[in-house]
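Chain by chain, the residues run as shown.
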Amino acid sequence: MDKQNIQSEPAISCKSVSKKYDTIEALKGIDFTVERGEIFGIIGPDGAGKTTLFRILTTLILADSGTASVDGFDVVKDYKEIRKRVGYMPGKFSLYQDMTVEENLNFFATVFNTTIEENYELVKDIYQQIEPFKNRRAGKLSGGMKQKLALSCALIHKPSVLFLDEPTTGVDPVSRKEFWGMLKNLKAQGITILVSTPYMDEASLCDRIALIQNGQFLKIDTPRNIVNQYENKLWAVQSDNMHKLLNDLRTNDLTSNCFAFGDKHHVSVSSEQLSINSLKETLDKLGHTNIEIKEIEPTIEDCFMQLSQK
Ligand SMILES: Nc1ncnc2c1ncn2[C@@H]1O[C@H](COP(=O)(O)OP(=O)(O)OP(=O)(O)O)[C@@H](O)[C@H]1O
């Protein structure tokens, strides 16, 4: 395929991709495309199928059925081309623990037939933060520093598509925030990013997201549109006895679902018959004290809970 044709293809395209491990259906007919220059998030809990999808797209395993392409190349036929063009940061950072920071980066550069100097501009902002520790072994770095080194290694050959599988899992909140800042900078340099995360709060940092559960996409859209499409009213409820409150809310005929969210319970209400005051009265009769109920804006997690129960 010539260069111009490649540029008109989406960065990633997946059509009816399925994968089984014995009897476990890890992916059940995944369909989506990622446009060039997007930060696209795959959001879902452990075991939803995120890693399996990443491995198929980075040509490490084969799908049982369906087709997929990356940067315009077919994941089966053109796997060699794809390997040159993608950067992959697996969930468990693939660093050589006994090699130093600099040796790790050098190694990845050499594997891709390049040098640190050649693509230094691309990794500079990230690598400079760990450069003071360049003689330290990777195994002795903190979680946040390991993450920065792993990202530098995934970028050192200037990939056009970057695959980041749960890059912020096990990383402290400050480093998580910094990390998303780095992704924005990479996007500004024209790199397409597919990133998976179990943290629903990170969804809003993506251009578009797919919510995944049990090997299926529940929804694909911008985080804003997903939140706007939330169907019910949503209330945050608390009382002195949160455990009993959860049971009482779940057995109420007029609420559609309820789950614990931080120090409150989030209750989804589809019925017009139920008002905040009438729910307060009901809970009062059930013996609850210090009841507080507030209407709130749904988060992506609320949307996920609603969609996953359909
Ligand atoms: N090599 C394998 N052999 C058998 N089952 C597997 C294998 N790899 C994954 N699975 C199963 O396939 C399903 C999807 O797993 P996958 O690792 O893709 O999900 P995930 O969303 O990345 O979750 P996690 O963050 O836990 O890895 C799970 O039920 C998992 O147990």
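Residues numbered from 1 in each chain as written. Predicted model: local features only at pLDDT ≥ 70, side-chain atom pairs only at ≥ 80, totals over all residues. Heavy atoms only, no water.

*Asks:* Just checking my understanding: could you explain the site of the ligand for this structure?
*Replies:* Taken together, Tyr21, Ile24, Ala26, Pro45, Asp46, Gly47, Ala48, Gly49, Lys50, Thr51, Thr52 and Glu166 make up the full set of residues near the ligand. Thr51 is positioned such that a nitrogen or oxygen atom in its side chain is 2.6 Å from an oxygen atom of the ligand. Between the ligand and the protein, one listed contact pairs an oxygen atom with a side-chain N or O atom of Glu166 at 2.8 Å. For the ligand, whose unbound accessible area comes to 630 Å², protein coverage reaches 61%. Counting residues per element, the ones that place at least two in the shell around the ligand are strand S2 (24-34) and helix H2 (50-57). Ranked by residue count, the leading element in the shell around the ligand is H2, at 3 residues. (Near = heavy atom within 4 Å. Polar contact = N/O pair within 3.5 Å; in protein donor to acceptor, adjacent residues only side chain to side chain. Areas by Shrake-Rupley, 256 points an atom, 1.4 Å probe, with all protein chains shown as cover. Helix = DSSP H or I, 4+ residues; strand = E, 2+ residues; numbered from the N terminus.)

*Asks:* In this structure, what is going on with the layout of surface pockets? I would like to understand it.
*Replies:* Volume-wise, the largest pocket comes out at about 420 Å³. The wall of the largest pocket is formed by 20 residues, among which Arg83, Val86, Tyr88, Phe108 and Phe112 lie closest to the centre. Take the lining of the largest pocket: its biggest share by element is 4 residues, from strand S6 (residues 86-89). Here the lining of the largest pocket is built from residues that sort into 13 nonpolar, 5 polar and 2 charged. (1 Å grid on protein atoms, 1.4 Å probe; cavity = no way out; pocket = protein on both sides within 12 Å on 5 of 7 lines; lining within 4 Å. Points joined across faces, edges and corners; volume = space filled by probe spheres on them. Nonpolar A, V, L, I, M, F, W, Y, C, P; charged D, E, K, R; others polar.)

*Asks:* In this structure, what is going on with the domain arrangement of the protein? I would like to understand it.
*Replies:* It is common to report an interface's size as the accessible area lost on association of the parts. In terms of domains, the protein is made up of domain 1 (3-227) and domain 2 (231-308). Computed over C-alpha atoms only, the centres of domain 1 and domain 2 are separated by 37 Å. On the side of domain 2, 9 residues touch domain 1, which itself brings 15 residues to the contact. The largest per-residue losses of area from domain 1 upon contact with domain 2 belong to Met200, Leu218 and Val227, which jointly make up 53% of the total buried on that side. Linking domain 1 to domain 2 there are 0 salt bridges. Viewed at the interface, domain 2 and domain 1 are joined by 0 residue pairs in polar contact (both at pLDDT 80 or more). Residue assignment for the side of domain 1 that touches domain 2 shows that the elements contributing at least two residues are strand S9 (208-213), strand S10 (216-221) and helix H8 (223-228). (Domains from an automatic or database assignment. Contact = heavy atoms within 4.5 Å. Buried area = accessible area lost by both parts, 1.4 Å probe. Salt bridge = Lys/Arg side-chain N within 4 Å of Asp/Glu carboxyl O.)

*Asks:* Please explain the packing of helix H6 (residues 143-155) against helix H7 (residues 173-188) as it appears in this structure.
*Replies:* For any two helices packed against each other, the geometry is given by the interaxial angle and the distance between the axes. Closest axis-to-axis distance for the H6/H7 pair is 10 Å, and the angle between their directions is 15°. Classified by the angle their axes make, H6 and H7 are roughly parallel. At the point where H6 passes H7, the crossing takes the right-handed sense. Here Gly144, Gln147, Lys148, Leu151 and Leu155 of H6 come into contact with H7, specifically with Ser175, Glu178, Phe179, Met182 and Leu186. (Axes fitted to C-alpha atoms, helices over the stretch in contact; angles between N-to-C directions. Parallel < 35°, antiparallel > 145°, perpendicular 65-115°, else oblique. Left-handed = near helix turned anticlockwise from the far one by under 90°.)

*Asks:* Can you walk me through empty space enclosed by the protein in this structure?
*Replies:* A probe matching the size of a water molecule, rolled over the atoms, marks out where space remains unfilled. Enumeration over the complete set of coordinates arrives at 1 cavity of 30 Å³ or more. Counted as a void, the largest cavity has a volume near 40 Å³. Forming the boundary of the largest cavity are Leu122, Asp125, Ile126, Met182, Asn185, Leu186 and Gln189. Split by residue class, the lining of the largest cavity holds 4 nonpolar, 2 polar and 1 charged.

*Asks:* Before we go on, may I ask you to explain the sheet that holds strand S4 (residues 65-70) in this structure?
*Replies:* Through backbone hydrogen bonds, the strands of a sheet pair up, either in parallel or in antiparallel fashion. With antiparallel pairing, the 4 strands of this open sheet are ordered in space as S2-S1-S4-S5. The open sheet has two edge strands with one neighbour each: S2 and strand S5 (73-74). Note: S4 against S5, 2 bridges, orientation antiparallel. When the sheet's bridge partners are listed, Ser69 is paired in S5 with Asp74. (Pairing = 2+ DSSP bridges.)

*Asks:* When you look at the sheet that holds S10 in this model, what are you seeing that I'm missing?
*Replies:* The strand order S6-S7-S8-S3-S9-S10 describes an open sheet built from 6 strands, whose pairing is mixed. Pairing within the sheet leaves two strands with one partner each, and these edge strands are S6 and S10. Strand-to-strand twist in this sheet, taken as the mean axis angle between neighbours without regard to direction, amounts to 15°. Across 5 bridges, strand S7 (residues 161-165) lies against strand S8 (residues 192-197) in parallel orientation. Its bridge partner being in S8, Phe163 is matched across the sheet by Leu194.

*Asks:* Please clarify how the pairing of S9 should be interpreted in this entry.
*Replies:* Of the pairings in the sheet, the one linking strand S3 (residues 39-43) to S9 comprises 4 bridges and is parallel in character. Counterpart to Phe40 in the pairing with S9 is Arg208. Inspection of the sheet shows S9 paired to S10 by 5 bridges, in the antiparallel sense. The partner of Ile212 across the bridge, within S10, is Phe217. Where S9 folds back onto S10 in an antiparallel hairpin, the turn is made up of 2 residues, including Asn214, whose phi is positive at roughly 45°.

*Asks:* I keep staring at the pattern of salt bridges and nothing clicks. Help me out?
*Replies:* A side chain of one charge can pair with a side chain of the opposite charge if their charged atoms are brought near each other. Under the criterion given, the structure shown has 14 salt bridges. With its nearest N and O atoms 2.8 Å apart, the salt bridge here joins Lys148 to Glu178. Pair noted here: Lys148 is in helix H6 and Glu178 is in helix H7, with a separation of 30 residues, a long-range link. With a closest N to O distance of 2.8 Å, Asp207 and Lys187 form a salt bridge. Placement of Asp207 in the loop between S8 and S9 and of Lys187 in helix H7 is noted, with a sequence separation of 20 residues between them. You can call Asp207 partly exposed: its relative accessible area is 28%. Judged by its relative accessible area of 29%, Lys187 falls in the partly exposed class. Overlapping salt bridges, with partners in common, bring together Arg36, Asp71, Glu81, Lys84 and Arg85 in one network. (Buried < 20%, exposed > 50% of the residue type's maximum accessible area, 1.4 Å probe, protein only.)

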